[in-house]
Amino acid sequence: MYYNIKPKGKKEFNIGIGILRVFLSFMVIITHLYDQKKVQQNIYILYYHIPTFFLLSFFYNFKTLISFNIDKIKMRFERIVIPYFSWCIICWILNNIYFYLFKIKRRHSLMDFFNNLLNGRIFNIVLWFQNNLIILTIIFLIIILLFKNNYRYILIALGILSYVLQYSEINYKFFRRNLPHQYYITYGRIAENFPHALTGFYI
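Keep in mind that this is a model prediction, so the values were computed, not measured.

Conventions adopted
- Residues numbered from 1 in each chain as written.
- Predicted model: local features only at pLDDT ≥ 70, side-chain atom pairs only at ≥ 80, totals over all residues.
- Heavy atoms only, no water.
- Patch = residues over 30% accessible without salt bridge, like charges linked within 9 Å, V, L, I, M, F, W, Y side chains within 5 Å.
- Areas by Shrake-Rupley, 256 points an atom, 1.4 Å probe, with all protein chains shown as cover.
- Salt bridge = Lys/Arg side-chain N within 4 Å of Asp/Glu carboxyl O.
- Helix = DSSP H or I, 4+ residues; strand = E, 2+ residues; numbered from the N terminus.
- Core = buried A, V, L, I, M, F, W, Y, C linked by side-chain atoms within 4.5 Å.
- Buried < 20%, exposed > 50% of the residue type's maximum accessible area, 1.4 Å probe, protein only.
- Contact = heavy atoms within 4.5 Å.
- Phe/Tyr/Trp six-rings, centres within 6.5 Å; stacked < 30°, edge-to-face > 60°.
- Lys NZ or Arg CZ within 6 Å of the ring centre and 35° of its normal.

Asker: Is there a simple way to explain a nonpolar patch on the surface in this structure?
Answerer: Nonpolar side chains collect at one region of the surface, where W87, I89, I90, I93, L94, I97, Y98, L101, F102 and I104 lie side by side and expose about 890 Å² of accessible area between them. Residue placement: I93 occurs in helix α4 (residues 70-100).

Asker: Looking at this structure, how should I read the nonpolar core?
Answerer: Ranked by size, the top nonpolar core spans 30 residues in total, and within it F54, F58, L65, L136, F140, L155 and F201 carry the most contacts. In this view, L155 contacts F140, I143, F194, L198, F201 and Y202; residues no more than four positions away in its chain are not counted.

Asker: Help me understand the packing of aromatic side chains, please; the structure alone is not making it clear to me.
Answerer: For any two aromatic rings, the description comes down to two numbers: the centre-to-centre distance and the angle of the planes. Inspection of the entire model under this criterion finds 18 aromatic pairs. Between F58 and F140, the ring centres sit 4.7 Å apart and the planes meet at 40°, which makes this aromatic pair tilted. Placement of F58 in helix α2 (residues 49-60) and of F140 in helix α6 (residues 127-147) is noted, with a sequence separation of 82 residues between them. Overall, the relative accessible area of 1% leaves F58 in the buried class. Centre to centre, the rings of Y84 and F85 are 6.2 Å apart; their planes meet at 80°, and the pair counts as edge-to-face. Classification of Y84 by relative accessible area gives buried; the value is 3%. F85 gets classed as partly exposed once you look at its relative accessible area, which sits at 39%. A network of ring pairs unites the aromatic residues F58, F62, F140, Y151, F194, F201 and Y202 as a single cluster. A cation over a ring is seen here: R189 above W128, with NZ or CZ 4.1 Å from the ring centre.

Geometric descriptors of this kind do not, in isolation, establish any biological role.
Next up, the structure:
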């Protein structure tokens, strides 16, 4: 059971999903920081946070994506793009401080910065998620704006294609063979996460 709270003048808040977000965020911490050998028997349950976060994101942004409202779409991109760029800049500055001031080896060049913008994995590897979120949002918007009333069929077709590419391992092998590690491990996940985003969109 969950409860909805709607303070006066504000959007409705779903307590159940709020608690779920806390739990999923904790799972992110566990997968990145905890000794995986100690949780090896239950490790697979930890990976549900990524699919669920994509599902929730597109569930909540369904109305924005189909609104054809430029202001709403612009606000959506501000919420996901500004933090991405901001953390890339912050991490680059910190790495330069570590490298030049404290003499600690850190990737700090301008090339590293631009690569981090493109793949989200040089300075702070968790930014790959935001990278995928931005790309998937762009893909959804392009399809919706181009095909309008027929966008549903295109999205479903791409969802089926994503499953085929994923479970045939064509997707994994293609990106691993043709891109450097930081790029294939980011862009190779787009086809894997597309079905999760599509599920949230249609729910």
